[in-house]
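Structural overview
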2 protein chains.
Amino acid sequence: MKLVVVGGIAAGLSAASRARRLDASLDILVLEKGSRISYGACGLPYYIEGQAESIDELTLHTPEFFRRERRIEIRTGAEVVAVRHPQRELQLASGERIRYDKLIWATGARALRPSRANDRTFVLRTDLDAERLEAFLQARGPKTAAVIGGGYIGLEMVTALRARGLAVTLYESQGHYLHRDDDWLTARITERLERSRVKVRLRTPAGAPEQMGEDLILWCAGAQPNAELLADAGAATGRSGALAVNDRCETTLHGVWAAGDCAETHHLVSGRPVWIPLGATANKTGRVAGANAAGGRERFPGIAGTSIVRVAGLAVASTGLNSAQARMDGFRPASAVIEAQERPRYFRGRKLQVELVADRGTRRILGATVAGDEGARGAINVVATALASRLTLDDFLSLDLAYTPPYSTVMDPLLIAAQQLARELR
Amino acid sequence: MKLVVVGGIAAGLSAASRARRLDASLDILVLEKGSRISYGACGLPYYIEGQAESIDELTLHTPEFFRRERRIEIRTGAEVVAVRHPQRELQLASGERIRYDKLIWATGARALRPSRANDRTFVLRTDLDAERLEAFLQARGPKTAAVIGGGYIGLEMVTALRARGLAVTLYESQGHYLHRDDDWLTARITERLERSRVKVRLRTPAGAPEQMGEDLILWCAGAQPNAELLADAGAATGRSGALAVNDRCETTLHGVWAAGDCAETHHLVSGRPVWIPLGATANKTGRVAGANAAGGRERFPGIAGTSIVRVAGLAVASTGLNSAQARMDGFRPASAVIEAQERPRYFRGRKLQVELVADRGTRRILGATVAGDEGARGAINVVATALASRLTLDDFLSLDLAYTPPYSTVMDPLLIAAQQLARELR
């Protein structure tokens, strides 16, 4: 029985490894079109920032490791150009044909690019993008940069390029960041960016690259799923354009699973299929796809949409739905925004802002956004766990969270937000 | 209608404030036997450590604040010596009698003391204890200290006294710390203590204070609930000696509630009444007692037993049951202990150790213990939230936790522990 996995980064290698663990007899082949496998693409902005000396530091395992330790064959430079599912056959760019019995599609997503780029224009999605950008930074020593797009990668790259000493202007066509139209959050991020001397241009679509004056133009305007080849072979896609899968990570093609950034997943709060391509989800869906391809019966219940980004030293994290999203998904949201110390003043605690959203009718917690310092990740993870459990505001108010002065205040900021929201909903 | 609250620290003032918020017409009086109210007793070790310049920095509000802003009368130096519930009357040490219609008992706990103390022997529970200890440190400049007891306060005070430059020996009669007989945890704490040059004497009961050679003897051998006066008036106590309450924080006396360290509470995992006196619980049970005394109908569902302590720079946190406790409570526990980076190596992440415990039969998560750095609190809070929701290991494996390299690894240490435990339970 031959399992072929297309894609050798997060989802693909999680899938292959899990399949091997559950079925020692499977013949497993991973095809990766690039030359590098198993690297943490989420770390690329930090390679540019200078935290990592080389992309190799972002790499978990080599092809040799997979071959030797897990008996998984890896072929790099192997680009699939067609899927002939009736024949259970892939065609490579080289013309070679590869048979499979079972197929896992883990081809990720690709950066959107401007229609007319020039040699000062970059995107940052793959290891090659990062190497090309790093070479440009070293060879040409640009002094000014335009970052186009205030999403995760845009905000990370603004921070990275400031750390490299460039004068940076951020262009964002919407009036807010991260697709979150929460005024307090926009204000807080803008304040941090401006404090680190980034020029912020909200509600400002970027011009065509050739008309922009900056030495370096970094296009961070989003991505799209690499779903077309499998869609051409008959697999259904969702409204997002990503592959439609069920909770076993199965596509609509029998014997074909999809995982990671090329596939949709189920949103635990809205109950709808969504496309939110993030690394941790790629790992988890890869594991489930791999288990099921190896004959297991595992489910991936879905995501809460949890994310975190560091912007000029500020941690911004969110999970679930904000008020606007909740309304679109048919809820009647109420929200409370509070600001509190992460730790007692005598431990020099910094402020954490929390917005907590719940449904007026059912009192179910729908989501949260937090901005702050060390405590932001822990706080959002508590809400993410509450979302997975469908906790109500009343359950949430009684959560037994850890307290000791060096790390927290006696009343956790999350609980202060919940108390305020409970007064709102009385 | 007159509500009297006995105790003016965490639970008592939370109760009084909540009652006022829900009923503007109540006549509210708080009786505090000490001279200071509303201070964070959990901060006292950090006052000794030197983080706070004075105990006033640990104080949230003054009696004037409560009078002016909340119309709550506070009397300090008012020690209740008898409760005559049939007459709805308290007797003070001064002989004065005070009538009540409703009563909230929030008298906290007191430190256990050695049977024969001397003037070098201290406990640390109240503001007065801390002032007395600080005065001794300043006046007598002790060079050596014995800390008796490796519980929370003992470990905090070892750290504090080392920060003050004393040579410290820790005596603990059991073979482990914090009543957690988990070998990996004992080893990690011992390593940290010894690295900060604390002499550790496990399985070593302290001698009588007069026979100990150290300049300063700090007795941190536990506490007991201040429940006797109300018990003498007829209120039931549990096996722990603390006041028995239902989920409305009502005692067995009609019209009398109890909250904070003097009362038991319900353990969410074992389902049993427990006495785990901690500050965050005092605040929450105080709020519920206050709401119900003011005519509300609120529930306190219970605690997960979540706690955290900083030991010589190491964060140690736990929630729920460890394996030994789980067995005693009738579960069939399985556990996995893992060690992982809190953040990628290129962000200089330190190691986090996690032990996760689940029941073999139901696969329900029963508890966790973690030791590490900044991420420890966030991690234990995720498990505490999972316990409140009765999540199974399978739910837990899919939790959508936030990932970005500056703050975390792509596979959260909690999920690595859950994966290992799932292999164990297959």
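Everything here concerns the structure above.
Residues numbered from 1 in each chain as written. Chains lettered and ligands numbered in written order. Predicted model: local features only at pLDDT ≥ 70, side-chain atom pairs only at ≥ 80, totals over all residues. Heavy atoms only, no water.

Side note on the overall build of chain A
- A count of helical and extended segments in chain A gives 12 helices and 22 strands.
- Relative to the compact-globule value of 22 Å for 426 residues, chain A shows a C-alpha radius of gyration of 23 Å, a close match.
- Expressed as lengths along the three principal axes of its C-alpha atoms, the size of chain A is roughly 65 × 50 × 40 Å.
- Put simply, chain A has 426 residues, and 59% of those count as buried.
- For chain A, restricting intrachain contacts to residue pairs at least 6 apart in sequence, the fraction spanning at least 24 positions comes to 63%.
- With 56 positive and 48 negative side-chain charges, chain A shows a spacing of 2 Å between the two charge centroids. (Helix = DSSP H or I, 4+ residues; strand = E, 2+ residues; numbered from the N terminus. Rg over C-alpha atoms; globule rule 2.2 N^0.38 Å. Buried < 20%, exposed > 50% of the residue type's maximum accessible area, 1.4 Å probe, protein only. Contact = heavy atoms within 4.5 Å. Lys, Arg positive; Asp, Glu negative; His and termini not counted. Charge placed at Lys NZ, Arg CZ, Asp CG, Glu CD.)

Points about the relation of the copies chain A and chain B
- In screw terms, the move from chain A to chain B is a rotation of 180° and a rise of 0.0 Å along the axis, fitting with an RMSD of 0.0 Å. Classification of the inter-copy transformation places it as that of a two-fold axis. Minimal C-alpha separation from the rotation axis in chain A is found for Gly-378 of chain A, amounting to 1.8 Å.
- Take the interface residues of chain A: 100% of them recur as interface residues in chain B, which is what a same-surface contact looks like. (Least-squares fit on C-alpha atoms with pLDDT ≥ 70 in both.)

So, the sheet that holds strand S2 (residues 27–31) of chain A
Residues and elements named next belong to chain A.
- The five strands lie next to each other as S3-S2-S1-S7-S15, forming an open sheet whose pairing is parallel. Of all strands in the sheet, those with a lone pairing partner are strand S3 (73–75) and strand S15 (256–258), marking the two edges. Each adjacent strand pair in this sheet contributes to an overall mean axis angle of 20°, direction not counted.
- In the packing of helix H1 (residues 10–22) onto the sheet, contacts are made with strand S1 (2–6), S2, S3 and strand S7 (102–105), and the angle to S2 comes to roughly 175°. (Pairing = 2+ DSSP bridges. Axes fitted to C-alpha atoms, helices over the stretch in contact; angles between N-to-C directions.)

Topic: the pattern of salt bridges
- The tally for this structure, following the rule as stated, stands at 52 salt bridges over all chains.
- Put simply, Lys-351 of chain A and Glu-339 of chain A hold a salt bridge, and the shortest N to O gap is 3.6 Å. Taken as a pair, Lys-351 of chain A in strand S21 (residues 351–359) and Glu-339 of chain A in strand S20 (residues 333–341) lie far apart in primary sequence, 12 residues in all.
- The class of Lys-351 of chain A is partly exposed, set by a relative accessible area of 32%.
- Of the charged contacts in the structure, one is a salt bridge between Glu-210 of chain B and Arg-116 of chain B, with a shortest N-O distance of 3.5 Å. Placement of the pair is Glu-210 of chain B in the loop between strand S12 (199–201) and strand S13 (216–219) and Arg-116 of chain B in the loop between strand S8 (109–111) and strand S9 (121–122), with a sequence separation of 94 residues.
- One salt-bridge network, held together by shared partners, links Arg-36, Asp-56, Asp-127 and Glu-131 of chain A. (Salt bridge = Lys/Arg side-chain N within 4 Å of Asp/Glu carboxyl O.)

As for the pairing of strand S10 (residues 144–148) of chain B
All names here are of chain B.
- In terms of residue burial, S10 counts as a mostly covered element, since four of its five residues are buried.
- Regarding the hand of the β-α-β motif, the stretch spanning S10, helix H5 (residues 152–163) and strand S11 (residues 167–171) is right-handed.
- As paired elements, S10 and S13 share four bridges and run parallel to each other. Bridging from a neighbouring strand, Ala-146 pairs with Ile-217 of S13. (Right-handed = clockwise from strand over helix to strand, strands pointing away.)

Some remarks on the environment of Glu-53 of chain A
- Among the secondary structure elements, Glu-53 of chain A is positioned in the loop between helix H2 (44–49) and helix H3 (63–70).
- Since its relative accessible area comes to 71%, Glu-53 of chain A is described here as exposed.

Considering the state of the cysteines
All names here are of chain A.
- For the coordinates displayed, the defined rule picks out zero disulfides over all chains.
- Between Cys-42, a cysteine without a disulfide, and Cys-220, which holds the nearest cysteine sulfur, the sulfur-to-sulfur distance is 14 Å.
- Looking at Cys-42, the relative accessible area reads 29%, which means it is partly exposed. (Disulfide = S-S within 2.5 Å.)

Some words on the interface of chain A and chain B
- On the chain B side, the residues contacting the 64 residues of chain A number 64 residues.
- Broken down residue by residue, the surface that chain A buries against chain B is led by Tyr-346, Asp-400 and Tyr-407 of chain A, which jointly contribute 15%.
- Where chain A packs against chain B, one counts two salt bridges.
- Here Arg-377 of chain A makes a salt bridge to Asp-412 of chain B, at a shortest N to O gap of 2.4 Å.
- Our count for the chain A to chain B interface comes out at 23 residue pairs in polar contact (both at pLDDT 80 or more).
- Secondary-structure elements contributing two or more residues to the side of chain A that touches chain B are H1, helix H8 (279–293), strand S18 (307–311), strand S19 (314–320), helix H10 (375–388) and helix H12 (413–424) of chain A. (Buried area = accessible area lost by both parts, 1.4 Å probe. Polar contact = N/O pair within 3.5 Å; in protein donor to acceptor, adjacent residues only side chain to side chain.)

Digging into the side chain of Asn-283 of chain B
- The residue Asn-283 of chain B is located in helix H8 (residues 279–293) in this model.
- Owing to a relative accessible area of 13%, Asn-283 of chain B belongs among the buried residues under this scheme.
- With sequence-adjacent residues up to four places away left out, Asn-283 of chain B is seen in contact with Val-410 and Met-411 of chain A together with Ala-10 and Ser-14 of chain B.

Considering the environment of Ser-115 of chain B
- Within the fold, Ser-115 of chain B resides in the loop between S8 and S9.
- Separated by 198 residues in the primary sequence, Ser-115 of chain B and Gly-313 of chain B have C-alpha atoms spaced 33 Å apart.

Quick notes on the packing of helix H1 (residues 10–22) of chain B against H8 of chain B
Residues and elements named next belong to chain B.
- Interaxial distance between H1 and H8 falls to 7 Å at its minimum, and their mutual angle equals 35°. Seen along the crossing, H1 lies across H8 with a hand that is right-handed. Here Ala-10, Ala-11, Ser-14, Ala-15, Arg-18, Ala-19 and Leu-22 of H1 come into contact with H8, specifically with Ala-282, Asn-283, Gly-286, Arg-287, Gly-290 and Ala-291.
- For the contact of H1 with H8, a count of residues per class yields seven nonpolar, four polar and two charged. (Left-handed = near helix turned anticlockwise from the far one by under 90°. Nonpolar A, V, L, I, M, F, W, Y, C, P; charged D, E, K, R; others polar.)

Brief notes about the packing of H10 of chain A against helix H10 (residues 375–388) of chain B
- At a closest axis distance of 8 Å, the pairing of H10 of chain A and H10 of chain B adopts a crossing angle of 15°. As judged from the angle between their axes, H10 of chain A and H10 of chain B are roughly parallel. The way H10 of chain A lies across H10 of chain B gives a crossing that is right-handed. For the pair H10 of chain A and H10 of chain B, the contacting residues are Gly-378, Asn-381, Val-382, Thr-385 and Ala-386 of chain A in the first and Gly-378, Asn-381, Val-382, Thr-385 and Ala-386 of chain B in the second.
- Classifying every residue of the contact of H10 of chain A with H10 of chain B by side-chain character gives four nonpolar, six polar and no charged. (Parallel < 35°, antiparallel > 145°, perpendicular 65-115°, else oblique.)

Just geometry here; none of it tells us what the structure is for.
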